[in-house]
Amino acid sequence: MLGANRRGMPFFLRRTSGEQMEQAVAFTFTPGERLIFRPKERLTVSQWAERHRVVTNGPVTGKWRNDVTPYLVEPMDTIGLPWVRRIILCFAPQTGKTQVAFNFLCYAIDQDPGPSMYVMPDEKITKRISRRRIIPMFRGSPRIAALMSERADDTTATAVHFAHGMDFMMAWATSAAELSSESIRYLIRDELDKFPEFSGKEADPLALAEIRTNAYPYTKKIIDLSTPTTDSGYIGKAIEQEADEVRDFHVPCLLCGEEQPLVFGRGADGVGGIVWPQKCLDPREVAHRKLARYQCRACGMLWDDHLRNEAVRRGRWVARKADPEHRAVSVGFHLPSWYSPFVSLSDAAAAFLRGQEDPQKLMVFVTQHAAEVWRETIVPKKESGVLEHKTDIPAGVVPPGAVALTAGIDVQKAGFWFVVRAWAEDLTSWLVQYGYMTAWADIEALIFNTRYPVKGSDETMGIWR
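Procedures and definitions
Residues numbered from 1 in each chain as written. Predicted model: local features only at pLDDT ≥ 70, side-chain atom pairs only at ≥ 80, totals over all residues. Heavy atoms only, no water. Core = buried A, V, L, I, M, F, W, Y, C linked by side-chain atoms within 4.5 Å. Buried < 20%, exposed > 50% of the residue type's maximum accessible area, 1.4 Å probe, protein only. Contact = heavy atoms within 4.5 Å. Salt bridge = Lys/Arg side-chain N within 4 Å of Asp/Glu carboxyl O. Helix = DSSP H or I, 4+ residues; strand = E, 2+ residues; numbered from the N terminus. Pairing = 2+ DSSP bridges. Phe/Tyr/Trp six-rings, centres within 6.5 Å; stacked < 30°, edge-to-face > 60°. Axes fitted to C-alpha atoms, helices over the stretch in contact; angles between N-to-C directions. Parallel < 35°, antiparallel > 145°, perpendicular 65-115°, else oblique. Left-handed = near helix turned anticlockwise from the far one by under 90°. Nonpolar A, V, L, I, M, F, W, Y, C, P; charged D, E, K, R; others polar. Lys, Arg positive; Asp, Glu negative; His and termini not counted. Polar contact = N/O pair within 3.5 Å; in protein donor to acceptor, adjacent residues only side chain to side chain. 1 Å grid on protein atoms, 1.4 Å probe; cavity = no way out; pocket = protein on both sides within 12 Å on 5 of 7 lines; lining within 4 Å. Points joined across faces, edges and corners; volume = space filled by probe spheres on them.

(A) Quick peek at the nonpolar core. Y118, F138, F162, F168, I274, W338 and Y339 are the most contacted members of the largest nonpolar core, which totals 74 residues. If we ignore the near neighbours within four places in the chain, the residues touching Y118 are T98, A101, F102, I129, I134, F168, M169, M170, A171, I188 and D190.

Rendered as C-alpha cells:
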C-alpha cells in the first residue's frame, strides 16, 4: 500500500496480522531533515575551525590555520568544554580575539545549534561588522553556507535564520529593546569597554544581554572580549572580579628551555623583557630599523621577531592561580600585543618611547599594547618629603654642582612671571630665582646681562637657554 507522511513524501506500507501497519521501506528525508539527523563530528572548536572555517578577509585569508595564532587554540577549546559557561578575552587589538568568537559561532551553528546573539557597542558598528565580516564568513565557509536558507529574507544585516532552525541575531548595546527581545543560548559581547554604562531606563547592557541566557542555565555559552581602557571599563572588572581563573601565555626559550611570560619591563635582576639599544631613544628609528629584542630572563638570549614567533608556537596558557580540579566556570585570558605575529617587538618598544613624553601616548601603550587597564593615580606629597629636597643655599646663588642655568618666562597681559633654575649633569635642578617683571627691558636684562654667583667660588653664571 502506498502512503504519504505529513510532508507528502511517499513511503510503502504492508498489511499484517492484527491489522497492524508497519513501514516497509525507509522514509525519503528532506534536505533539512538530513541536516538534523547527520551524525555530529567529535571535534573540538579549534579542530573544527581548521577543518571547515574559511577566512574571507584579514592578513591571512583562506583555510583557517591554528599555527598562525597558536595562542587562540586554548580559548576556543575552553569555551567548548561542558562545564565552562564563559570566557573573558582581555587582548590587545589585532591579536585575533574576535576570531575566537567567530570560530565558536560557526562551530555552534554546525555542531550544536541554538539561538545566538552577537552584541556590539552601537547600531552602526553592528551592521558594519555584519555586512563586512560575519555574513561573508558564513557564505565563504562551505559547511556553513550549506546551512543557510535559500529565502532572501532569512539573511539580513541583523539576523540570519538557518535551514536547520538555528537563529543568529545581531544587537547593539544602546538599544534596550534589541537586548531584551529573545531568549538565547550563545551570547558574544564584543568590545565591552565601548559599551555605554546604561541602556535607556533599564539595567546596564551587559546585564540585559546576560539575562537572555537564563533559559539555558546548563548549556549557555558567553564570550566577552575587548581591549581594556580605564578602570571603569567592563573588561578589566570582569578579569579581576568575575573570572574564576585567569591565564597568561608562557613560551619556552629556544636556547635554554626556560618557560616564561613575555613581559615588557626587566625583572628585579635587570634581565629579561623587551630591550633595545639605550643610546637610541628615537621611537621612529627603533621601529624602522627593528632594533628591539626580547631577552630571556634565564640565559639572556636575545630573540628577534622570528625567534619570538617560533617560541610562541611552542607556548601554552598557564593559570595565575591553578585550579587543581579544572572546573572553572568562568575563565579569563590576558594577551599583550607583542605575542602577535603581526606586531613587531620594535613597534611595542616605539609605542613605549612615545609615551615617555606624552601621557596620552603612554595610555595608548598601556591599553593597546600591554592590554592593561589605564589607571591614573594621585600620589599625595607629605611635607617631610618636600623638605628633604630643601638646601641651605640662599636665593640668587648657584649650587656648586650646576652646569647650566635656564629661564622660563610666562607672558601675562601686564607683565611677566619668570623662573631661573640651575641644572646638574644628571638633570637634578635647583630653584635660583623667581618673580614678576613689568617691562620687556627687564626681561632682556635678565636673559642677557644678569649673572649669578656660584657658591664656594669666585665664578658667576649667566642664563644658558
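(B) Examining the pattern of salt bridges more closely. Counted according to the given criterion, the structure contains 20 salt bridges. One salt bridge connects K127 with E123, and the closest N-O pair in it is separated by 2.8 Å. Here K127 pairs with E123, and both are found in helix α5 (residues 123-140), just four residues apart, close to one helical turn. Under the relative-accessibility criterion, K127 is labelled partly exposed at 26%. Under the relative-accessibility criterion, E123 is labelled partly exposed at 34%. The salt bridge involving E191 is made with K194; its shortest N-O contact spans 3.4 Å. Accessibility expressed as a relative area gives 18% for E191, which makes it buried.

(C) The sheet that holds strand β14 (residues 273-275), seen in detail. One open sheet holds the three strands; their spatial order is β14-β15-β16, and the pairing between them is antiparallel. In this open sheet, the two edge strands, each paired with only one partner strand, are β14 and β16 (302-303). Two strands pair when backbone bridges link them, and β14 and strand β15 (residues 293-295) are joined in this way by three bridges, in the antiparallel orientation. Along β15, the bridge assignment pairs I274 with Y294.

(D) Layout of the packing of aromatic side chains. Tallied over the entire structure, the rule returns 20 aromatic pairs. Taken together, a centroid distance of 5.5 Å and an interplanar angle of 75° make the contact between F138 and F162 edge-to-face. With a gap of 24 residues between them, F138 in helix α5 and F162 in the loop between β8 (159-161) and β9 (167-172) connect regions that are remote in the sequence. Neither residue differs from the other here; F138 and F162 are each classed as buried. With a centroid separation of 5.6 Å and 85° between ring planes, the pair formed by F138 and F168 is classed as edge-to-face. Here F138, found in helix α5, pairs with F168, found in strand β9; they are 30 residues apart in sequence, far enough to count as distant. Residue classification places F168 among the buried residues on the basis of a relative accessible area of 1%. Among the aromatic residues, those joined into a cluster by ring pairs are Y71, F91, F249, W317, F333 and Y339.

(E) Just the packing of helix α12 (residues 345-355) against helix α13 (residues 359-369), in detail. Running from N to C, α12 and α13 point in directions that differ by 150°, and their axes come no closer than 7 Å. Considering the angle they form, α12 stands roughly antiparallel to α13. Between α12 and α13 the crossing geometry is left-handed. Two secondary-structure elements touch here, α12 through D347, A348, A351, F352, R354 and G355 and α13 through P359, K361, L362, F365 and H369. For the contact of α12 with α13, a count of residues per class yields six nonpolar, two polar and three charged.

(F) Quick peek at the sheet that holds strand β20 (residues 416-423). Taken in spatial order, the three strands make up an open sheet running β19-β20-β21, and their pairing is antiparallel. The open sheet has two free edges, formed respectively by β19 (404-411) and β21 (429-437), since each of these has just one partner strand. Neighbour to neighbour, the strand axes of the sheet diverge by 15° on average, direction disregarded.

(G) Quick look at the packing of helix α4 (residues 97-111) against α5. Packing of α4 against α5 leaves a shortest axis separation of 11 Å and a crossing angle of 45°. In terms of their interaxial angle, α4 and α5 are classed as oblique. Seen from above, α4 lies across α5 with right-handed handedness. Residues T98, Q99, F102, L105, C106 and I109 of α4 pack against I129, R133, I134, M137 and F138 of α5. Along the lines of polarity and charge, the residues of the contact of α4 with α5 split into eight nonpolar, two polar and one charged.

(H) Structural view of the side chain of D193. Relative to the elements of secondary structure, D193 occurs in the loop between β10 (186-190) and α8 (205-211). Nearest to the buried, unbridged D193 among oppositely charged side chains is K194, at 8.1 Å. A distance of 2.9 Å separates a polar atom in the side chain of D193 from the backbone nitrogen of Y234. A polar contact is formed between the side chain of D193 and the backbone nitrogen of I235, at a distance of 2.8 Å. Residues contacting D193, with those up to four places away along its chain left out, are S226, T227, P228, T229, T230, G233, Y234 and I235.

(I) Summary view of the layout of surface pockets. If you add up the space inside the largest pocket, you get close to 770 Å³. Around the largest pocket, the lining comprises 28 residues; the ones closest to its centre are Q94, G96, T98, Q99 and R133. Where the lining of the largest pocket is concerned, the elements lending two or more residues are α4 and α5. For the lining of the largest pocket, the leading source of residues is α5, giving five residues. When its residues are assigned to classes, the lining of the largest pocket shows 11 nonpolar, eight polar and nine charged. In terms of lining, the second largest pocket is formed by 19 residues, of which the most central are G80, L81, Y107, D112 and K221. When residues in the lining of the second largest pocket are grouped by element, the largest group, four residues, is from α4. Looking at the lining of the second largest pocket, its residues break down into nine nonpolar, four polar and six charged.

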